Amino acid sequence: MNESFLIVALVTAMVLVIAGSVIALIIAPKTQNEQKGEPYECGVLTRGTSWLPFRVGYYLFAILFLMFDVETVYLFPWAVVMQSMGVQGLAVVGLFLAILALGLAYAWKKGALEWK
Amino acid sequence: MFDFKIVTSWIDNLLRVDLGLDNFWTLAIEFILVGVALLAAYALIALVLIYAERKICAFFQCRIGPDRVGKWGLIQVIADMIKILTKEIIPIKRSEKLLFFLAPFFVIIGSFLTFGALPFAKGLHAIDFNIGVLYILAVSSLGVIGIVLAGWSSNNKYSLIGAMRAGAQLISYEISAGLALMTMVVLAGSMQLSTIVESQADGWFIFKGGIFALVAFVIYLIAGHAETNRGPFDLPESESELTAGYHTEYSGIMFGFYYVAEYTNLFIISAIATTMFLGGWMPLHIPGLDGFNQVMDYIPSAVWFFGKCAFCIFLALWVRWSYPRLRIDQLLKLEWKILMPISLINIAAVAVAVTI
């Protein structure tokens, strides 16, 4: 039953976007103009393309995110059964967390967390 | 307390027995009803929040806010919505057309799927997975894809910078939000939202969980404000430097989708904070005061849920209009050097405290 409600919500969201766009396309006025389709850049014409090489800082944070996000996914099943796992489970996950904290400390020391 | 299961089973019974429909048609009608109800709630909450934001922001700045259309400007938002529907959708030259029109889908789907999983009141709960918290974290991050696609495809330098900032900000703060929610999963021993709410019947987690819950609650609120691109964290669309950030080139209803998604995301963040920390639709119970508890039980569960949500939303608005915008290096430093170590220590501490 839950899975079907998921599909219902998905379809409803799509219907919302499609219906909104179609209604706007039908009732909105349309005019043509040389300047109208230009990307906005404070009124002057744009020079060149916008798809340029971008700074590497964002990429570093994306890599760090990947590491910690996967960690979160691994930790969630443990969080559910934690109360019945006892001290042994705690020790194992403590090791896991310690390795991750070490990774964060390494990135910190290397200056990957600085925005330069 | 009133259980909404009564209403759903009554409708089911009405369709099956009284009207004598077979299984397929019953399910089809029920699915359409659920979809329409979700859509109506989604749109209504966005409208109410847009009005509340404009009015409360006005009062914070000693203005009156909208007051011309309808009494106290109550119909202003509906008028704006109709206006935005009649505005032209302008295609941008040399943009990635397909991705440009695909991006609003991701943003709306991401927030709508999360919206469907919220427990609004007792028995009023559409999507209730046993991995609920993980599901919410997963689908709510779909919005990032939409935002980055929007910025990349519009062939605009402002959009691209805004999208990159949004990407860095959203993915960074998602980790803290996830770890804060995990603290509550440890206390509840379940990821199913209905079970989490039920386990707060004898006391909300913010009271029951002690210092851990309090720390997690504050971290979740900060991370939540950052995830909605609001408050002091509105770098991706900082209007004084980036025009409008990733949705600069969107016009008419295409912009409206981003606008609606922003406000429903604010509601969703507040609703998740309510469910996980403030007891969801559970009434306030103080152990030992039976008379008081009985009186509290008479207040409907939906009122409790929306009241707590309104409190969280008001906090978000208050923060938004009180603090200046952060710089991107401050923003990332706050997450990676302050919130994240605190969340890691918090989750380790709660694990030790629960085990021993």
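Rules used in this analysis
Residues numbered from 1 in each chain as written. Chains lettered and ligands numbered in written order. Predicted model: local features only at pLDDT ≥ 70, side-chain atom pairs only at ≥ 80, totals over all residues. Helix = DSSP H or I, 4+ residues; strand = E, 2+ residues; numbered from the N terminus. Buried ≥ 20, exposed ≤ 12 C-beta atoms within 10 Å, placed from the backbone. Contact = placed C-beta atoms within 7 Å. Nonpolar A, V, L, I, M, F, W, Y, C, P; charged D, E, K, R; others polar. Core = buried A, V, L, I, M, F, W, Y, C linked by C-beta atoms within 7 Å. Expected span 1.5 Å × (residues − 1). Bend = angle between axes of the 7 residues up to and from the residue. Arc of directions from axis to C-beta. pLDDT = per-residue confidence, 0-100. Axes fitted to C-alpha atoms, helices over the stretch in contact; angles between N-to-C directions. Parallel < 35°, antiparallel > 145°, perpendicular 65-115°, else oblique.

Some words on the overall build of chain B
Counting secondary structure elements, chain B contains 15 helices and zero strands. Counting only C-alpha atoms and orienting by the principal axes, one finds that chain B spans roughly 60 × 55 × 40 Å. Considering chain B as a whole, with its 356 residues, one finds that 51% of them fall into the buried category. Taking the contacts inside chain B whose residues are at least 6 apart along the sequence as the reference set, 78% of them involve residues at least 24 apart.

With respect to the interface of chain B and chain A
At the interface, 63 residues of chain B touch 53 residues of chain A. Among the elements that take part in the side of chain B that touches chain A, helix α7 (residues 157-188) of chain B stands out by supplying 14 residues, more than any other. Per-class residue counts for the side of chain B that touches chain A are 39 nonpolar, 15 polar and nine charged.

Concerning the nonpolar core
Residue and element names in this part refer to chain B. If you look at the biggest cluster of nonpolar residues, it comprises 126 residues, and the most contacted ones within it are Ile 108, Met 184, Val 185, Tyr 220 and Ala 273. Ranked by residues supplied to this core, first place goes to α7 with 21 residues. In this structure Tyr 220 touches Ala 177, Ala 180, Leu 181 and Ala 273, once residues within four positions along its chain are discounted.

Quick word on helix α15 (residues 328-355) of chain B
Over its 28 residues, α15(B) runs 39 Å from end to end, which matches the ideal 40 Å to within 8%, given 1.5 Å per residue. The sharpest bend along α15(B) reaches about 35° and sits at B:Leu339, with the proline B:Pro341 one to four residues further on. As for α15(B), its buried residues are in contact with α2 (57-110) of chain A together with α7 and α10 (210-227) of chain B.

Examining helix α3 (residues 76-85) of chain B
Inspection of α3(B) places B:Gln76, B:Val77 and B:Ile84 among the buried residues, and these make up the whole buried set. Seen from one end, α3(B) has its buried residues packed into an arc of 95°, which puts them on one side.

Describing the environment of B:Leu332
Summarising the element assignment, B:Leu332 is placed in helix α15. Separated by 159 residues in the primary sequence, B:Leu332 and B:Tyr173 place their C-alpha atoms 8.8 Å from one another. Apart from residues no more than four positions distant in its own chain, B:Leu332 is found in contact with A:Phe61, A:Trp115, B:Ala168 and B:Ser172.

Describing the confidence of the model for chain B
Low-confidence regions, as indicated by low pLDDT, have predicted coordinates that should not be scrutinised in detail. Residues and elements named next belong to chain B. Looking at chain B as a whole, its pLDDT mean stands at 84, while 100% of the residues score no less than 70. Mean pLDDT across the secondary structure elements of chain B bottoms out at helix α11 (residues 239-242), with 74, and peaks at helix α12 (residues 252-276), with 89. Reported confidences for the modelled complex are a pTM of 0.89 and an ipTM of 0.85.

Quick look at the packing of α2(A) against α15(B)
Where α2(A) meets α15(B), the axes come as close as 12 Å, and the angle between the chain directions of the two elements is 10°. With respect to each other, α2(A) and α15(B) are oriented roughly parallel. Here A:Phe61, A:Met82, A:Gln83, A:Gly86, A:Val87, A:Leu90, A:Val93, A:Gly94, A:Leu97 and A:Ala101 of α2(A) come into contact with α15(B), specifically with B:Leu332, B:Leu344, B:Ala348, B:Ala351, B:Val352, B:Val354 and B:Thr355. For the contact of α2(A) with α15(B), the per-class residue count stands at 13 nonpolar, four polar and no charged.

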